Amino acid sequence: MTDADTPGRWLVEQSVRRLVAEWSSRDEQRRPRGAWVVLWGAIARDEDLEGATVTVPLLAAWFLTDAGFVRRDVWSYLRHRALRCSSVFSPLATEVGVLEVALYRGGTQVYAASHLGPRDACGVRLERGPDGELMEQRVWVS
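Every chain is numbered on its own, with residues counted from 1 as its sequence reads. For a predicted model such as this one, the threshold for reporting local features is a pLDDT of at least 70, and the threshold for listing and counting side-chain atom pairs is 80 or more; totals across whole chains, interfaces and linings nevertheless cover every residue. Side-chain metrics in this entry use all non-hydrogen atoms of the structure; hydrogen atoms and water are not considered.

### Section: the overall build of the protein chain
1) Next: Helix and strand definitions follow DSSP, with helices as H or I runs of at least four residues and strands as E runs of at least two, each counted in order from the N terminus. When helices and strands are tallied, the protein chain shows two helices and seven strands.
2) Next: From first element to last, N terminus to C terminus, the protein chain shows the α and β order α-β-β-β-α-β-β-β-β.
3) Next: Throughout, radius of gyration means the C-alpha value; the globule benchmark is 2.2 Å times the number of residues raised to the power 0.38. Computed over C-alpha atoms, the radius of gyration of the protein chain comes to 15 Å, within 12% of the 14 Å expected from 2.2 N^0.38 for 142 residues, which places it in the range of a compact globule.
4) Next: For the protein chain, the spread of C-alpha atoms along the three principal axes comes to 45 × 35 × 30 Å.
5) Next: Counting all 142 residues of the protein chain, 41% fall into the buried class.
6) Next: Of the contacts formed within the protein chain by residues at least 6 apart in sequence, a portion of 50% connects residues at least 24 apart.
7) Next: The accessible surface values rely on the Shrake-Rupley method and a 1.4 Å probe; as for residues, cover is taken only from the protein chains in view. By element, 52% of the accessible surface of the protein chain is carried by carbon and sulfur atoms, the whole surface being about 8100 Å².
8) Next: Positive charges come from Lys and Arg alone, negative charges from Asp and Glu alone, with His and the N- and C-terminal ends not counted. Just so you know, the charge point we use is NZ for Lys, CZ for Arg, CG for Asp and CD for Glu. For the protein chain, the distance from the average site of its 18 positive side-chain charges to the average site of its 19 negative ones is 5 Å. The buried label applies to any residue whose accessible area, calculated with a 1.4 Å probe on protein chains only, is under 20% of its type's maximum; exposed applies above 50%, and partly exposed to all values in between. Note on contacts: a residue pair is in contact if any heavy atoms of the two residues lie within 4.5 Å.

Shown next, in the form of C-alpha cells:
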C-alpha cells in the first residue's frame, strides 16, 4: 500500500470514506459522540477481527468527531477494544463507535465494518467493479 495508485489503497480509501459518510449522516440521537477509525493488516477471513484478542496487526488508528480526524496511537484503540470486550465493560465504550477496515490477502477486496451501537453494526466486503465503481456485499448485520 505504498503506491497511491494500487487497487488496495483505492479500496481502503473508498471504504473509509463510505464508513465516515455513514457515521456523519446519522442524526445526533443515533450517532456516537465519536468513532475510532482503524486500519488493520491483511486478513484471510472476516472472523480474523472478532473477539478480544486479534492476531492481525493494527496499522493505524484515528479518532473521528464532528471536528474531524485526529491520528492516535494504536495502543489507545487497543485499550478501548480491551475495555469494550472485558467483563468489566466500560460505559464510555458504548458512546464511541468503531469503523474498521482491512484488506483481504491478495489486495483485491476490503472488509469494512461499522459498529455504531450494540444493535447497530454491519460488516461488508467491498471490491472495485469492472466499470470502476465500488461494489458491496453484506457479510453480517446486527
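What follows picks up the thread again.
### Re the pattern of salt bridges
1) Next: The rule for a salt bridge is simple: a side-chain nitrogen of Lys or Arg has to be within 4 Å of a carboxyl oxygen of Asp or Glu. Counting across every chain of the model gives 11 salt bridges.
2) Next: Across the salt bridge formed by Glu13 and Arg9, the nearest N and O atoms sit 3.2 Å from each other. One end of the pair, Glu13, and the other, Arg9, are both in helix H1 (residues 7–24), four residues apart, so they sit about a helical turn from each other.
3) Next: Assessed through its relative accessible area of 30%, Arg9 is described here as partly exposed.
4) Next: The shortest N-O distance in the salt bridge between Glu22 and Arg18 comes to 4.0 Å. With Glu22 and Arg18 both in helix H1 and four residues apart, the pair spans about one turn of that helix.

### Considering the pairing of strand E4 (residues 96–104)
1) Next: Within E4, nine of the nine residues are buried, which leaves the element mostly enclosed by the surrounding structure.
2) Next: Burial along E4 is two-sided: Val96, Val98, Glu100, Ala102 and Tyr104 facing one way and Gly97, Leu99, Val101 and Leu103 facing the other are all buried.
3) Next: Strands are treated as partners if at least two bridges between them are detected by DSSP. Summarising the sheet, strand E1 (residues 34–43) and E4 pair through eight bridges and their orientation is parallel. Bridge pairing in E4 links Leu39 to Val101.
4) Next: With six bridges connecting them, E4 and strand E5 (residues 109–115) associate as antiparallel partners. The residue of E5 that forms the bridge with Val101 is Ala112.
5) Next: Hairpin remark: E4 followed by E5, antiparallel, with four residues in the connecting loop; positive phi at Gly106, about 105 degrees.

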